[in-house]
Amino acid sequence: MKEVVTPEDQDFMNDKYFRICDELLRLEVVKGHLNWSVSEVARASEVTRSLIYYYFGKSKEELLEEASRHMIHTIYGNSDNAHLGVENRCKKVVGFLRKNPNLFVYWYKNRGKDNSVGRLIEEKEERAFKVIKSYYPDLPETEIFKIQALQISAVAMQWDDETIERVFGQY
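Presented here is an overview of the structure given in this document. Values in this document were obtained by computation on a predicted structure and should not be read as measured data.

Examining the packing of aromatic side chains
Under the defined criterion, the tally for this structure stands at seven aromatic pairs. Ring geometry for Phe129 against Phe145: centres 4.8 Å apart, planes inclined by 40°, an arrangement best described as tilted. Highlighted residues: Phe129 in helix α8 (residues 116–135) and Phe145 in helix α9 (residues 141–156), separated in sequence by 16 residues. Residue Phe129 is classed as buried on the basis of its relative accessible area of 14%. With centroids separated by 6.5 Å and ring planes inclined at 45°, the aromatic side chains of Trp159 and Phe168 adopt a geometry described as tilted. Comparing Trp159 with Phe168, the two get one shared label, buried.

Some details on the nonpolar core
Counting residues in hydrophobic clusters, the biggest one holds 47 residues, and the most contacted among them are Trp36, Ile52 and Phe168. With residues up to four places along the chain from it excluded, the contact list for Phe168 reads Val86, Glu87, Cys90, Ile147, Leu150, Gln151, Ala154 and Trp159.

Overview of the side chain of Asn110
One can find Asn110 in helix α7 (residues 101–110). Its relative accessible area of 11% is what places Asn110 among the buried residues. Aside from chain neighbours lying at most four places away, what touches Asn110 is Asn115, Val117, Gly118 and Ile121.

Considering unusual backbone geometry
Although it is not a glycine, Leu34 adopts a positive phi angle of roughly 60°. Along the chain, Leu34 turns up in the loop between α2 (16–31) and α3 (38–45). Here Glu46, not a glycine, exhibits a phi torsion of approximately 60°, which is positive. In this structure, Glu46 sits in the loop between α3 and α4 (49–56). For Glu46, a relative accessible area of 64% corresponds to the exposed category.

Quick word on the pattern of salt bridges
In this structure the tally under the stated criterion is ten salt bridges. A salt bridge links Glu65 to Arg69, with the nearest nitrogen and oxygen atoms 2.9 Å apart. On the criterion of helical spacing, the pair formed by Glu65 and Arg69 is a turn pair, its members being four residues apart in helix α5 (residues 60–76). Members of the salt-bridge network, linked through shared partners, are Glu65, Glu66 and Arg69.

Notes on α5
Taking 1.5 Å of rise per residue, the 17 residues of α5 would be expected to cover 24 Å, and the 24 Å separating its terminal C-alpha atoms lies within 8% of that figure. Along α5, the positions that sit buried rather than exposed are Leu63, Leu64, Glu66, Ala67, Ser68, Met71, Ile72, Ile75 and Tyr76. On its buried face, α5 sits against α2, α3, α4, α6 (85–99), α7 and α8. Within two residues after α5, Gly77 carries a phi angle of roughly 75°, on the positive side.

Thoughts on α2
Side chains of residues three or four places apart in an α-helix project in the same direction, reflecting 3.6 residues per turn. Here α2 spans 22 Å end to end across 16 residues, near enough to the 22 Å set by a 1.5 Å rise per residue. Looking at α2, one finds that the buried residues are Tyr17, Ile20, Cys21, Glu23, Leu24, Leu25, Leu27, Glu28 and Val29. Looking at the residues trailing α2, positive phi occurs at Gly32, about 105°.

Topic: the packing of α6 against helix α10 (residues 161–168)
As a packed pair, α6 and α10 sit with axes 10 Å apart at the nearest point and diverge in direction by 150°. One finds that α6 runs roughly antiparallel with respect to α10. Crossing handedness for the pair α6 and α10: right-handed. Mapping the contact onto sequence places Val86, Glu87, Cys90, Lys91 and Val94 in α6 and Asp161, Ile164, Glu165 and Phe168 in α10. Here the contact of α6 with α10 is built from residues that sort into five nonpolar, no polar and four charged.

Analysis parameters
Starting afresh in each chain, residues are numbered from 1 along the sequence in its written order. Per-residue local features of the predicted model are confined to residues with pLDDT of at least 70, and side-chain atom pairs are confined, for both listing and counting, to 80 or more; whole-chain, interface and lining totals are unaffected and use all residues. Water and hydrogen atoms play no part in the side-chain values, which are based on all heavy atoms of the structure. The aromatic pairing rule takes the rings of Phe, Tyr and Trp, using the six-membered ring of Trp, and pairs them if the centres are within 6.5 Å, calling planes under 30 degrees apart stacked, those over 60 edge-to-face and the rest tilted. Starting at the N terminus, helices and strands are each numbered in turn, a helix being any DSSP run of H or I of at least four residues and a strand any DSSP run of E of at least two. Burial status follows relative accessibility: with a 1.4 Å probe on protein chains alone, a residue under 20% of its type maximum counts as buried, one over 50% as exposed, and anything between as partly exposed. We call a set of buried Ala, Val, Leu, Ile, Met, Phe, Trp, Tyr and Cys residues a nonpolar core when their side-chain atoms join them within 4.5 Å. The contact rule is simple, with two residues in contact once any of their heavy atoms fall within 4.5 Å. Salt bridge criterion: a side-chain nitrogen from Lys or Arg within 4 Å of a carboxyl oxygen from Asp or Glu. To estimate how far a helix should extend, the number of its residues minus one is multiplied by 1.5 Å. To get an axis, a line is fitted to the C-alpha atoms, and for a helix only the part in contact is used. The angle between two axes follows their N-to-C directions and goes from 0 to 180 degrees. Angle categories are assigned with fixed cut-offs, so that under 35 degrees is roughly parallel, over 145 is roughly antiparallel, 65 to 115 is roughly perpendicular, and the rest are oblique. Handedness of a crossing is defined here by the sense of rotation of the near helix relative to the far one, left-handed for an anticlockwise turn of less than a right angle and right-handed for a clockwise turn. Each residue is assigned to one of three groups, with Ala, Val, Leu, Ile, Met, Phe, Trp, Tyr, Cys and Pro labelled nonpolar, Asp, Glu, Lys and Arg labelled charged, and all others, Gly among them, labelled polar.

As structure tokens, then:
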């Protein structure tokens, strides 16, 4: 990607970039590993192939890797949203994944795999564990794992905000 981000680039990142990533992961889930074309991604994302090549690289592998990094990062967040707390962060992720259900399937298919996406997920989960532990420093590790499992359940079952509040309000 380019080093300098202009306002036009920011608009791209917020809209078209996301659409490309979302569509690419949808095709990856539906058609299988790399059984899609850049033309299909471009058509469904309503952008040109040259725009995809410019921002993502020339190969399908580069495109998939960048989309995976972006979308997995979106699920797990970064230090900017660590302040949200377990409950609000869970609501945010569930809301995001309601709009992008293929991302959950993609996550599920790659979690625990010995590939770049599987390793990225593992790294993000370890970081998430540490963040939860920082919220609840006195809880034993088994309770932290339970909170993580509850978050995965909330996402997989698409709990509504009221259920999330009821479940995570006890922590």
